[in-house]
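Report on the structure
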Amino acid sequence: MSRVMAVRRPAPGAGARDQRISQDVERFCRQLSSMASKLIISPFTLIYYTYQCFQSTGWLGPVSIFGYFILGTMMNKMLMGPIVAKLMQQEKLEGDFRFKHMQIRVNAEPAAFFRSMRRHGGPLAGLRLSRPHGHPSLSHQSWARGAHEDRPQAAETPSDPEGADIQGALAVHGVYGDLSPTELSSLVSKNAFVCLYLTNCFTRLIDLSTTLSDVAGYTHRIGELQETLLDMSLKSKDDEILDESEWNLDRFCDVSDLSVHQGIVSCPPCFGGPGWPEAEPTDTAFLLERVCISAPSSNKPLIKDLSLKISEGQSLLITGNTGTGKTSLLRVLGGLWASTRGSVQILTDFGPHGVLFLPQKPFFTDGTLREQVIYPLKEIYPDSGSTDDERIMRFLELAGLSTLVARTEGLDQQVDWNWYDVLSPGEMQRLSFARLFYLQPKYAVLDEATSALTEEVESELYRVGQQLGMTFVSVGHRRSLEKFHSLVLKLCGEGRWELTRIKME
Ligand SMILES: Nc1ncnc2c1ncn2[C@@H]1O[C@H](COP(=O)(O)OP(=O)(O)OP(=O)(O)O)[C@@H](O)[C@H]1O
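Residues numbered from 1 in each chain as written. Predicted model: local features only at pLDDT ≥ 70, side-chain atom pairs only at ≥ 80, totals over all residues. Heavy atoms only, no water.

We count it as follows: UniProt positions are given in the numbering used here, feature names are shortened, and annotations may be inferred rather than shown by experiment.
The protein appears in an unreviewed UniProt entry as ATP-binding cassette sub-family D member 4 isoform X5 from Camelus ferus. The record in UniProt for the protein states the following under Sequence similarities (unreviewed entry): "Belongs to the ABC transporter superfamily. ABCD family. Peroxisomal fatty acyl CoA transporter (TC 3.A.1.203) subfamily."

1. Quick notes on the overall build of the protein
The condition is simple: Every helix listed is a DSSP run of H or I at least four residues long, and every strand listed is a run of E at least two residues long, numbered separately from the N terminus. Categorising residues by exposure relies on relative accessible area from a 1.4 Å probe, with only protein chains included: less than 20% of the type maximum marks a residue as buried, more than 50% marks it as exposed, and the intermediate range marks it as partly exposed. Using a 1.4 Å probe, accessible areas were evaluated by the Shrake-Rupley method; residue-level cover was limited to the displayed protein chains.
Each helix and strand counted, the protein has 14 helices and 13 strands in total. Scored against the burial criterion, the 505 residues of the protein give a buried share of 39%. Total accessible area computed for the protein in this model is approximately 28,600 Å², and 58% of it derives from carbon and sulfur atoms.

2. Some thoughts on unusual backbone geometry
Backbone torsion omega between Y375 and P376 reads 10°, so that peptide bond is classified as cis. Mapping P376 onto the fold places it in the loop between helix 9 (369-374) and helix 10 (386-398). Despite not being glycine, S297 has its phi angle at roughly 50°, a positive value. Checked against the element boundaries, S297 lands in the loop between strand 5 (284-294) and strand 6 (301-311). Although it is not a glycine, E448 sits at a positive phi angle of roughly 45°. Mapped onto the secondary structure, E448 falls in the loop between strand 10 (443-447) and helix 14 (455-467).

3. Observations regarding the UniProt feature "transmembrane region" (unreviewed entry) in the protein
UniProt feature "transmembrane region" (unreviewed entry): in the numbering of this structure it lies at residues 57-79. The span residues 57-79 is 91% helix and 0% strand, and its two end C-alpha atoms sit 32 Å from each other.

4. Some remarks on the packing of helix 13 (residues 425-439) against helix 14
What counts is decided by this rule: Axis definition: a line fitted to C-alpha atoms, over the contacting stretch in the case of helices. Angles run 0 to 180 degrees between N-to-C directions. Here the word oblique covers every angle except those under 35 degrees (roughly parallel), over 145 (roughly antiparallel) and from 65 to 115 (roughly perpendicular). Note on contacts: a residue pair is in contact if any heavy atoms of the two residues lie within 4.5 Å. Gly is put with the polar residues, along with every residue not named as nonpolar or charged; the nonpolar set is Ala, Val, Leu, Ile, Met, Phe, Trp, Tyr, Cys and Pro, and the charged set is Asp, Glu, Lys and Arg.
Relative orientation of the contacting elements helix 13 and helix 14 amounts to 10°, with a least axis distance of 10 Å. Judged on the interaxial angle alone, helix 14 and helix 13 are roughly parallel. Across the interface between the two elements, R430, F433 and F437 of helix 13 pack against V457, L461, V464 and G465 of helix 14. Across the contact of helix 13 with helix 14, the residue classes break down as 5 nonpolar, 1 polar and 1 charged.

5. A word on the pairing of strand 13 (residues 496-501)
Rules: Pairing between two strands requires that DSSP report at least two bridges joining them.
Judged from the 6 bridges that link them, strand 12 (residues 487-493) and strand 13 form a sheet pairing that is antiparallel. Looking at strand 13, one finds that V488 is bridged to T500. The turn linking strand 12 back onto strand 13 is made up of 2 residues, and E494 within it adopts a positive phi angle of 55°.

6. Topic: the nonpolar core
For clarity, the threshold we go by: The nonpolar core is taken to be a set of buried Ala, Val, Leu, Ile, Met, Phe, Trp, Tyr and Cys residues, with the residues joined through side-chain atoms within 4.5 Å.
Ranked by size, the top nonpolar core spans 43 residues in total, and within it L396, L431, F437 and L446 carry the most contacts. Counting only elements with at least two residues in this core, the list comes to strand 9 (355-358), helix 9, helix 10, helix 11 (402-407), helix 13, strand 10 and helix 14. A per-element tally of this core places helix 13 first, with 8 residues. Setting aside anything within four residues of it in sequence, one finds F437 in contact with F395, L398, A399, L461, V464, G465, L468 and M470. With 26 residues, the next largest nonpolar core counts A285, V291, L308 and V332 among its residues.

7. Quick word on the sheet that holds strand 6
Pairing within the open sheet is antiparallel, and its 3 strands lie in the order 6-5-8. Both edges of this open sheet fall to strand 6 and strand 8 (341-346), since each of them pairs with a single strand only. Sheet twist, expressed as the average angle between the axes of neighbouring strands with direction ignored, equals 15°. Sitting on the sheet, helix 8 (residues 326-333) touches strand 5, strand 6 and strand 8, and the angle it makes with strand 5 is about 125°.

8. Focus: the environment of E371
For E371, the position within the fold is in helix 9. E371 gets classed as partly exposed once you look at its relative accessible area, which sits at 32%. Put simply, E371 and D412 are 41 residues apart on the chain and 8.1 Å apart in space, counted from C-alpha to C-alpha.

Rendered as structure tokens:
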């Protein structure tokens, strides 16, 4: 009986994610330490300068400064209440604006084909509606800022109007009547200093509330992050993130072992050879028992009670009408979606020696041609070792893309274009296959990966994959695909499905 093996994922975005987390944590610690120091010091300075102020101005000084701040804070609160709602709306509009902007940049060509700029419902209309400039909430924000910044800011002002007012009041009431001009001026400067610092203490306290809300935000985000990570680790207790450096590549077919006869590639069996880890022998990749699948936030089942075993050499073709859940099933196999019921066992690793997915929309990074082919690997062969070059060139040729090397002026030439812009849909699919051949997984999960190619090219690519020892799980519509598969799973809609074995001729 097969046992559940550790699901190892290459985690391609892990580096960037880790960097973001450490930046968040660093910001959080900085804010926390600054807030803690202010919080500890503030009460002492406040008491000290209140006392000093009382000493030099009597009760009038501290009382008027306290009154001024209490009144100011109350007014601030009254003004801020309605403005918060406006600020929220402002934030939302800015978010929409950025999203629409990105949408237009990414989909410039399709948008132009649809003449979006002339249509009211197009993304440009949305962009106009959501632009933040000139929106009434902006003027409210200025009011808010004004109200917030209008509070006493003694630390930043060279003179101290409150101190002067208090001293004026004291002088008017004849408190300083018996002082000589020299004594009076030294007292005035002392009073000014004390009042200034007392006001400053209040300003710092009020500033602290802003820092506190920042810290609350960061704490919330870090808390969410922790919860998500905990959730993930609970979900896959046995899972193990496998660094790409751990991917065993010894099992790759030596390109010199590949021979092509009339377009047919043959390669000696390359599994189980020396260097290939034997620790987790299995011939089954996925085991599904009475699995139900629904789209997120939908109660309507896409697939009901599906039991299925996908084993080595038993390629599966998934067919069915639009929207019946073909890609959703692959998402479940890829661990992106959870099944709503039943058990899904992923019994093989993700990566070159396990299972590799070619999604419906090809994925490319910024980078050289070599980087596209070897993705998600990037550090296994950092140098242009001649053996690897030979393999890449060979697989590009088998995918029908040998001319691409000339276009890019070599495997390692930095290109200043976006791969999505310069390659045709068919070329993108061929390049994805070159990657598949290079990585040589045991199981290749292909989601309409040949939809932009002719039947002949599709057959050729599948044949190469087959010769490289891959077992396919394909989503496709052409009957010609059946010859590369042993089973057909037809999704009939409303959760119904049919599983049939293909008769070999
Ligand atoms: N992220 C999502 N959130 C909500 N519903 C979704 C989501 N992704 C897909 N769906 C819905 O789930 C249903 C199945 O989608 P799926 O992509 O699996 O269809 P499919 O059979 O692969 O279709 P096609 O042949 O067009 O690729 C569709 O009705 C789709 O609208």
